[in-house]
Amino acid sequence: MAKEKTLFTCNACGGTTPRWLGKCPSCGAWNSLVETVAESASGGKNRLGAPQGYAGLANAQPVTPLSAIEAQDVARTPSGLSELDRVLGGGVVEGGVVLIGGDPGIGKSTLLLQALDALQRNGLPTLYVTGEESGAQVALRSRRLGIDGSQVNLLAEIQLEKILATVEAAQPAVVVIDSIQTIYSDQLSSAPGSVAQVRECAAHLTRMAKSTGITVILVGHVTKEGALAGPRVLEHMVDTVLYFEGDTHSPHRLIRAIKNRFGAVNEIGVFAMTEKGLKGVSNPSAIFLSQHSEPVPGSCVLVTLEGTRPLLVEIQALVDGGSPAPRRLSVGLERDRLAMLLAVLSRHAGVACADQDVFVNAVGGVRISEPAADLAVMLAITSSLRGKPLPRGFIAFGEVGLAGEIRPAPRGQERLKEAAKLGFTTAIVPKANAPKKAIPGLTIHAVERVDEAMDTLRGLE
Ligand code: TYD
Ligand code: MG
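Numbering of residues starts from 1 in every chain and runs along the sequence as written. Naming scheme: in the order in which they are written, chains are lettered from A and ligands are numbered from 1. For this predicted model, a pLDDT threshold of at least 70 governs which residues receive local features, and a threshold of 80 or more governs which side-chain atom pairs are given and counted, while totals over whole chains, interfaces and linings are taken from all residues. Calculation of side-chain values draws on the structure's entire complement of heavy atoms; hydrogens and water are dropped beforehand.

- Under an unreviewed UniProt entry, the protein chain has the name DNA repair protein RadA and belongs to Comamonas nitrativorans.
- UniProt positions are given in the numbering used here, feature names are shortened, and annotations may be inferred rather than shown by experiment. Recorded under Sequence similarities (unreviewed entry), the UniProt text for the protein chain is reproduced unchanged: "Belongs to the RecA family. RadA subfamily."

### Considering the side chain of Ser185
Part 1 of the argument: To qualify as a helix, a DSSP run of H or I must reach at least 4 residues; to qualify as a strand, a run of E must reach at least 2; elements of each kind are numbered from the N terminus. Structurally, the position occupied by Ser185 is in the loop between β9 (174–178) and α6 (195–212).
Part 2 of the argument: A polar side-chain atom of Ser185 sits 2.9 Å from a polar atom in the side chain of Glu161.
Part 3 of the argument: Dropping the residues within four chain positions of it, Ser185 is found in contact with Leu160, Glu161, Gln197 and Cys201. Under this definition, polar contacts are N or O atom pairs within 3.5 Å; protein pairs additionally need one hydrogen-donor-capable and one acceptor-capable atom, and for neighbouring residues in sequence, both atoms have to be side-chain atoms. Any pair of residues with heavy atoms lying within 4.5 Å of one another is described as a contacting pair.

### Focus: the domain arrangement of the protein chain
Part 1 of the argument: Throughout, the edges of the domains are those of an automatic or database domain assignment. Splitting the protein chain by domain gives domain 1 (1–39), domain 2 (75–282) and domain 3 (299–460).
Part 2 of the argument: For domain 1 and domain 3, the distance between their C-alpha centroids amounts to 49 Å.

### Description of the site of ligand 1
Part 1 of the argument: A cutoff of 4 Å decides nearness: a residue is near a molecule or strand if any of its heavy atoms lies inside that distance of it. Near ligand 1 there are 16 residues, and of these Gly105, Ser109, Thr110, Arg141 and Gly277 occur at the shortest range.
Part 2 of the argument: Measuring from an oxygen atom of ligand 1, one finds a backbone N or O atom of Ile106 at 3.5 Å.
Part 3 of the argument: Here the accessible surface of atoms and residues is derived via Shrake-Rupley with a 1.4 Å probe, and residues count as covered only by protein chains that are part of the display. Contact with the protein chains covers 76% of the free accessible surface of ligand 1, which is 560 Å².
Part 4 of the argument: When residues of the shell around ligand 1 are traced back to their parent elements, those giving at least two are α3 (108–121), α4 (135–144) and β13 (268–274).
Part 5 of the argument: Only Asp, Glu, Lys and Arg are considered charged in this grouping, and only Ala, Val, Leu, Ile, Met, Phe, Trp, Tyr, Cys and Pro are considered nonpolar; every other residue, Gly among them, is considered polar. Of the residues in the shell around ligand 1, the class split is 4 nonpolar, 6 polar and 6 charged.

### So, α3
Part 1 of the argument: Take the number of residues in a helix, subtract one, and multiply by 1.5 Å to get its expected span. Helix length check: α3, at 14 residues, gives a terminal C-alpha distance of 20 Å against a target of 20 Å (1.5 Å per residue), a fit within 8%.
Part 2 of the argument: With respect to burial, α3 is a largely interior element, 13 of its 14 residues being buried.
Part 3 of the argument: One or two positions beyond α3, positive phi appears at Gly123, with a value near 100 degrees. Note on classification: 1.4 Å probe, protein chains only; a residue is buried when its accessible area is under 20% of the maximum for its type, exposed when over 50%, partly exposed between these limits.

### Details of the sheet that holds strand β16 (residues 309–321)
Part 1 of the argument: What the 7 strands build is an open sheet, ordered β17-β18-β16-β15-β19-β22-β23; its pairing is mixed. The open sheet is flanked by β17 (328–331) and β23 (443–447), the only strands paired with a single partner. Each strand of the sheet is rotated relative to its neighbour by a mean of 25 degrees, with strand direction disregarded.
Part 2 of the argument: A strand pair is defined by DSSP finding two or more bridges across the two strands. In this sheet, strand β18 (residues 356–362) lies alongside β16 in antiparallel orientation, the contact comprising 7 bridges. Between N-to-C directions, angles cover 0 to 180 degrees, with each direction set by a line fitted to C-alpha atoms, over the stretch in contact for helices.

### Quick look at the environment of Ile217
Part 1 of the argument: Mapping Ile217 onto the fold places it in strand β10 (residues 215–221).
Part 2 of the argument: We classify Ile217 as buried; its relative accessible area is 9%.
Part 3 of the argument: Along the chain, Ile217 and Arg411 lie 194 residues apart, while their C-alpha atoms are 34 Å from each other.
Part 4 of the argument: In this structure Ile217 touches Val98, Ile100, Leu112, Val174, Val175, Val176 and Ile177, once residues within four positions along its chain are discounted.

### Side note on empty space enclosed by the protein
Part 1 of the argument: Here a cavity denotes grid points, spaced 1 Å and computed from the protein atoms alone, that fit a 1.4 Å probe unable to get out, and a pocket denotes an open set having protein on both sides within 12 Å along at least 5 of 7 lines; residues with an atom within 4 Å of a point are the lining. Grid points are joined across faces, edges and corners, and a volume is the space filled by probe spheres set on the points. Considering all chains together, one arrives at 3 cavities of 30 Å³ or more under this definition.
Part 2 of the argument: In this structure, the largest cavity occupies an estimated 60 Å³ of space.
Part 3 of the argument: Along the walls of the largest cavity sit Leu88, Gly91, Val92, Val93, Gly96, Val97, Val98, Thr215, Asp239, Thr240, Asn260 and Phe262, which together make up its complete lining.
Part 4 of the argument: Elements supplying a minimum of two residues to the lining of the largest cavity: β5 (92–93) and β6 (97–102).
Part 5 of the argument: In terms of residue class, the lining of the largest cavity is built from 6 nonpolar, 5 polar and 1 charged.

### Things to note about the confidence of the model for the protein chain
Part 1 of the argument: pLDDT measures the predictor's confidence residue by residue and takes values from 0 up to 100. Here the protein chain shows a mean pLDDT of 88. Residues at 70 or above account for 94%.
Part 2 of the argument: When the criterion is pLDDT under 50, residues 42–46 qualifies, and its contacts beyond four places in sequence or with other chains add up to 1 contact.

### Overview of the sheet that holds strand β2 (residues 16–17)
Part 1 of the argument: Pairing in this open sheet of 3 strands is antiparallel, and the strands run β2-β1-β3 from one edge to the other. With partners counted over all chains shown, the strands left at the sheet margins are β2 and β3 (33–37), one partner each.
Part 2 of the argument: Sheet topology places strand β1 (residues 6–10) next to β2; 2 bridges connect them, and they run antiparallel. Paired with Thr9 across the bridge in β2 is Thr16.

### Quick notes on the packing of aromatic side chains
Part 1 of the argument: Centre distance within 6.5 Å is the pairing criterion for rings of Phe, Tyr and Trp, where only the six-membered ring of Trp is used; planes under 30 degrees apart are then read as stacked, over 60 as edge-to-face, and the remainder as tilted. Counted by the stated rule, this structure contains 1 aromatic pair.
Part 2 of the argument: When the ring of Phe244 is compared with that of Phe271, the centres are 6.4 Å apart and the planes differ by 80 degrees; the resulting orientation is edge-to-face. Separated by 27 residues along the polypeptide, Phe244 in strand β11 (residues 240–245) and Phe271 in strand β13 bring together distant segments of the chain. Phe271 matches Phe244 in its accessibility class, with the two residues each being buried.
Part 3 of the argument: The ring centre of Phe397 lies 5.4 Å from the NZ or CZ of Arg415, which sits over that ring. Throughout this description, the term charge over a ring refers to an Arg CZ or Lys NZ atom that lies within 6 Å of the ring centre and within 35 degrees of the ring normal.

### Quick look at the side chain of His252
Part 1 of the argument: Among the secondary structure elements, His252 is positioned in strand β12 (residues 252–260).
Part 2 of the argument: Judged by relative accessible area, which is 18%, His252 ranks as buried.
Part 3 of the argument: Sequence-distant contacts of His252, that is, excluding residues within four places in its chain, are made with Glu245, Gly246, Asp247, Phe271, Ala272, Val281, Ile287 and Phe288.

### Here's the deal with the pattern of salt bridges
Part 1 of the argument: Whenever a carboxyl oxygen of Asp or Glu lies within 4 Å of a side-chain nitrogen of Lys or Arg, that contact is scored as a salt bridge. Scanning all chains against the criterion turns up 18 salt bridges.
Part 2 of the argument: With its nearest N and O atoms 3.8 Å apart, the salt bridge here joins Glu83 to Arg86. Placement of the pair is Glu83 and Arg86 together in helix α2 (residues 82–88), with a separation of 3 residues, close to one helical turn.
Part 3 of the argument: In the salt-bridge network here, residues are joined through shared partners; they are Arg337, Asp374, Glu399, Glu405 and Arg407.

### Concerning the UniProt feature "domain: RecA family profile" (unreviewed entry) in the protein chain
Part 1 of the argument: The residues that UniProt annotates with the feature "domain: RecA family profile" (unreviewed entry) are residues 73–222.
Part 2 of the argument: Helix and strand shares over residues 73–222 are 40% and 21% respectively, and the end C-alpha atoms of the span are 32 Å apart.

### Comments concerning the packing of helix α5 (residues 160–170) against α6
Part 1 of the argument: Orientation of α5 relative to α6, taken along the N-to-C sense of each, is 10 degrees, at an axis distance of 11 Å. Put simply, α5 runs roughly parallel to α6. Counting all contacts with α5, which are made through Leu160, Leu164 and Val167, the residues of α6 involved are Cys201, His204, Leu205 and Met208.
Part 2 of the argument: Of the residues contributing to the contact of α5 with α6, the split by class is 6 nonpolar, 1 polar and no charged. Roughly parallel means an angle under 35 degrees; roughly antiparallel, over 145; roughly perpendicular, 65 to 115; everything else is oblique.

Structural data, given as structure tokens:
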């Protein structure tokens, strides 16, 4: 195939140059030019803008009122891994494109190999394209997973055109590309993994999925900052974006939908990495608690609601210090939010840690983004600062506002019931979350303000 002409396009302003330059000549942005395939539309510029109208350029297309279009349910096939199906919204969708990101070694390849094997057993022809490992390495993994008798087809290839031709010939129903960063197209001279290559390859694969009805699952790397490597445009192009997260030192993994055109987002799937691959955890509420035989200072359990299931997560805080340049560090929680909470603590509850190092951590590598974690973070910090543990069997949740008010969390009843089920006995919650009917075994203290929460806590000690 002849090489198509390429151009360098500025990511910031869209200007083009024929050569790569460090600085965009149109807008002056640095390091923003990426290689793109030049559009070969003949006559390009001045055709649109023809004063005599557009009819000569293209035929008008029929339009349809929305009410006349029949909304069809998309055809889904369950993957056989129920925790994965939960985040996908029920299963893989015909012609759907899924992007799945996660740190190296988290288990993306393992999960997808297991999913393909299950799909193949369900009668769907599948293809696993590996660009990172050799066929022998994948075979070795499949032996470990106990699926070495699997009928999943394998292709070790990194050139896009060859992959597309193979897919056309083999006609699978589901294709996994592991990973999109290793694939390159002949049409571009930049290296695999570059923004231009990732964008171009993903665009071709997406088009192929839409025109043939084949489900395409792309594996993507994440950067140090935790975003999917490559252009953000990748997330816009695909139908579903999943993140695979967790602490590689602990066995538990969470898979989270960030975007899903075919289902709800913020649903999570929970897996445990075992000797024989990933196993779904159908009742995950207690897995993110560390096992202390006695309550320790700086630890507070939070009930968080991810998707449809409540999860109990232990928040740990360590306040230590007296350093001239105090550090604030958070793992699994937003750092800006931590700074805000420290300011609220100091202003509205008289708990000052301005000259202290403050570290907070959500146990088990889980990432918590909901503001309902605020109260638990505050209580953990206070407990560490005072060196006093919170009462045994204690939980808290609630959003904290800048004025020191404590706002309700969605579906508080459900959270409290789950905590009671797991044997927790005392809770501090926002006033609006206090249940009308008592929950057996759980003493609930409803508070409206941060200082009130601190007073309540002192009363419990
Ligand atoms: P992998 O799927 O290769 O991760 P990714 O594709 O996201 O980079 O997962 C590799 C890790 O999983 C590796 O550290 C070993 C571990 N693992 C198990 O614990 N049990 C298993 O059965 C398998 C296959 C892997
Ligand atoms: Mg891998």
